[in-house]
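Structural overview for review
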Amino acid sequence: MSETNPATHVIDFRAAEHLLAARDPRGAIKLLDSVIAAHPESRAARLLRARAYFAAAQLRAAEREFQHIVDHEPDNAFAHFALARTFQRSGRPEQAIRHFRLAAALDPKPEYLEAARFEN
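Throughout this document, residue positions are counted from 1 along each chain, in the order its sequence is written. Confidence filtering applies because this is a predicted model: local features only for residues at pLDDT of at least 70, side-chain atom pairs given and counted only at 80 or more, and all residues used for totals across whole chains, interfaces and linings. To obtain the side-chain values, all non-hydrogen atoms of the structure were used and water was disregarded.

**A closer look at the pattern of salt bridges**
We count a salt bridge whenever a side-chain nitrogen from Lys or Arg sits within 4 Å of a carboxyl oxygen from Asp or Glu. The final tally for this structure, using the stated rule, is six salt bridges. Of the charged contacts, one joins arginine 49 and aspartate 33 as a salt bridge, the two residues approaching to 2.8 Å between their closest N and O atoms. Remark: aspartate 33 occurs in helix 2 (residues 25-38) and arginine 49 occurs in helix 3 (residues 43-55); sequence separation between them is 16 residues. Using a 1.4 Å probe on the protein chains alone, a residue whose accessible area is under 20% of its type maximum counts as buried, one over 50% counts as exposed, and one in between counts as partly exposed. Judged by its relative accessible area of 10%, arginine 49 falls in the buried class. We classify aspartate 33 as partly exposed; its relative accessible area is 33%. Strands here are runs of E lasting at least two residues and helices are runs of H or I lasting at least four, both read from the DSSP assignment and numbered beginning at the N terminus.

Given below as structure tokens:
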């Protein structure tokens, strides 16, 4: 069923949020694929899909999505932090620390500062 109704995409996005919260990242990804196909510019949908990829241990796909967000929103501290976690989980600590530090510089949340290994 190829529905192009914008309301369907909102419903799918909200359902994907619930699936991710219910620990069904693959179900969330499936819903978000159609949302992003219809709205490739949607940063919220891409960020949610990146989180779902990460939760599903699809690290290359998560990296691609988080990188897309960082490229388009270089001041998005959460995207830098999540990209860093993805690099860390992929065994790439040098790349991870760079993005942890960018996240901490953009938003000095305690967890960002701790991950960046800055002195508080």
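More follows now that the structure is in view.
**With respect to the nonpolar core**
Working definition of a nonpolar core: buried Ala, Val, Leu, Ile, Met, Phe, Trp, Tyr and Cys residues. They are joined through side-chain atoms within 4.5 Å. Membership of the largest hydrophobic core comes to 35 residues, with the highest contact counts inside it found for Leu32, Ala45, Leu48, Phe66, Phe81, Phe100 and Tyr112. Looking at this core, the elements that each hand over two or more residues are helix 1 (6-21), helix 2, helix 3, helix 4 (59-72), helix 5 (77-89), helix 6 (93-106) and helix 7 (110-116). For this core, the leading source of residues is helix 5, giving seven residues. By definition, residues are in contact when any of their heavy atoms lie within 4.5 Å. Setting aside anything within four residues of it in sequence, one finds tyrosine 112 in contact with Ala77, Phe78, Phe81, Phe100, Ala103, Ala104 and Asp107.

**Focus on helix 4**
Working rule for helices: expected span equals 1.5 Å times residues minus one. The terminal C-alpha atoms of helix 4, which comprises 14 residues, lie 20 Å apart, in line with the 20 Å expected from a rise of 1.5 Å per residue. The complete set of buried residues in helix 4 reads Leu59, Ala61, Ala62, Glu63, Glu65, Phe66, Ile69 and Val70. Those residues of helix 4 that are buried are in contact with helix 3, helix 5 and helix 6.

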